[in-house]
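Descriptive structure summary
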Amino acid sequence: MIGWILRVLVAAGLLGSAWVHWVVWDDWAGDMAVVGPLFLVNVVAGVVIAVAVLAWRHPLPALAAIAFGLATLGAYVLSLTVGFFGVQEQFATQEELWGVITEVACVVFGAALLLPGVRGARRAPSGAVR
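Residues numbered from 1 in each chain as written. Predicted model: local features only at pLDDT ≥ 70, side-chain atom pairs only at ≥ 80, totals over all residues. Heavy atoms only, no water.

1. Brief notes about the overall build of the protein
Definition in use: To qualify as a helix, a DSSP run of H or I must reach at least 4 residues; to qualify as a strand, a run of E must reach at least 2; elements of each kind are numbered from the N terminus. Exposed residues in this analysis have more than 50% of their type's maximum accessible area, buried residues have under 20%, and partly exposed residues fall in between, with area computed by a 1.4 Å probe over protein chains only. Pairs of residues are marked as contacts when any of their non-hydrogen atoms sit within 4.5 Å. For every accessible area listed, the method is Shrake-Rupley and the probe measures 1.4 Å; residues are considered covered only by the protein chains on display.
Of regular secondary structure, the protein possesses four helices and zero strands. Across the protein, helices and strands are ordered from the amino to the carboxyl terminus as α-α-α-α. By principal-axis analysis of the C-alpha atoms, the protein measures approximately 60 × 20 × 20 Å. Every one of the 130 residues in the protein was classed for burial, and the buried ones make up 37%. Within the protein, residue pairs in contact and separated by at least 24 positions form 69% of the contacts whose partners lie at least 6 positions apart. As displayed, the protein has an accessible area near 7,900 Å², and 71% of this comes from carbon and sulfur atoms.

Structure (structure tokens):
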């Protein structure tokens, strides 16, 4: 049960981040030469990884979710500090706040999903010999 809840939370984080990036792409990032296509990659990757997390009980989708969250947070930190392909952010919009929340959720819940015994392994029926 905990494994299923964590998978849903990871998928929600991924889909939330994908949605934020879609909204920002539609708002202004679509006009940027490098950042625009990267935002669309983020949208597609978030959806694909979310489906994988929900459908495949394997460590790889959780690892992909963690990598997705860390890479997206890393790009955002760069945009806040030194700039990222011409984008200099200031952490001033709700999209930025929700982006950080959803990406941290990918990392935290994805890591929790990797803990031993959490991924939702099925138990043998009572009385069954293992």
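2. What to know about the packing of helix α2 (residues 35-55) against helix α3 (residues 59-81)
To keep it simple, the criterion reads: Here an angle of 0 to 180 degrees is reported between the N-to-C directions of two axes, which are lines fitted to C-alpha atoms, with helices fitted over the stretch in contact. Oblique is the label for any angle not under 35 degrees, not over 145, and not in the 65 to 115 range, which are roughly parallel, roughly antiparallel and roughly perpendicular in turn. It is the rotation of the near helix from the far one that decides the hand of a crossing: anticlockwise by less than a right angle makes it left-handed, clockwise makes it right-handed. Side-chain classes follow a simple rule in which Ala, Val, Leu, Ile, Met, Phe, Trp, Tyr, Cys and Pro form the nonpolar group, Asp, Glu, Lys and Arg form the charged group, and the remainder, Gly included, forms the polar group.
Here α2 crosses α3 at 155°, and the two axes come no closer than 9 Å. If you check the angle between α2 and α3, you find them roughly antiparallel. As α2 runs across α3, the sense of the crossing is left-handed. Between α2 and α3, the contacting residues are N42, A45, G46, I49, A52 and V53 on the first element and P61, A62, A64, A65, F68 and T72 on the second. When its residues are assigned to classes, the contact of α2 with α3 shows nine nonpolar, three polar and no charged.

3. Re a nonpolar patch on the surface
For clarity, the cut-off: A patch consists of residues whose relative accessible area exceeds 30% and which take part in no salt bridge; residues with like charges are grouped when within 9 Å of each other, and nonpolar side chains (Val, Leu, Ile, Met, Phe, Trp, Tyr) when within 5 Å. We define a salt bridge as a side-chain nitrogen of Lys or Arg found within 4 Å of a carboxyl oxygen belonging to Asp or Glu.
A surface patch of nonpolar side chains, amounting to about 570 Å² of accessible area, comprises M1, W4, I5, V8, L9 and L54. The leading source of residues in the nonpolar patch is helix α1 (residues 2-27), at four residues. With respect to the secondary-structure elements, M1 resides in the segment before α1. Looking at M1, the relative accessible area reads 76%, which means it is exposed.

4. Focus: the environment of Y76
Among the structural elements, Y76 can be located in helix α3. Owing to a relative accessible area of 14%, Y76 belongs among the buried residues under this scheme.

5. Some words on the environment of A71
Mapped onto the elements, A71 comes out in helix α3. Among the residues examined, A71 registers a relative accessible area of 52% and is labelled exposed. Once the C-alpha coordinates of A71 and E103 are considered, the two residues, 32 residues apart in sequence, prove to be 9.2 Å apart.

6. Comments concerning the nonpolar core
Inclusion rule: Remark: nonpolar core denotes a set of buried residues (Ala, Val, Leu, Ile, Met, Phe, Trp, Tyr, Cys) joined through side-chain atoms within 4.5 Å.
The biggest cluster of nonpolar side chains holds 14 residues, and the ones touching the most others in it are V10, L14, I49, V53, A65 and L113. The set of elements that each furnish at least two residues to this core consists of α1, α2, α3 and α4 (94-113). In terms of residue count, the dominant contributor to this core is α1 (four residues). Core analysis: the next-biggest nonpolar cluster, separate from the first, contains seven residues, V20, V24, F84 and V87 among them.

7. Quick look at the packing of aromatic side chains
What characterises a pair of aromatic rings is the spacing of the ring centres plus the angle enclosed by the ring planes. How we decide: Classification of ring pairs rests on two measures: the distance between centres of Phe, Tyr or Trp rings, Trp counted by its six-membered ring, which must be within 6.5 Å, and the angle between planes, read as stacked under 30 degrees, edge-to-face over 60 and tilted in between.
The full count for this structure, using the stated rule, is two aromatic pairs. Residues W22 and W25 carry aromatic rings whose centres are separated by 5.2 Å and whose planes lie at 25° to one another, so their mutual orientation is stacked. On the criterion of helical spacing, the pair formed by W22 and W25 is a turn pair, its members being three residues apart in helix α1.

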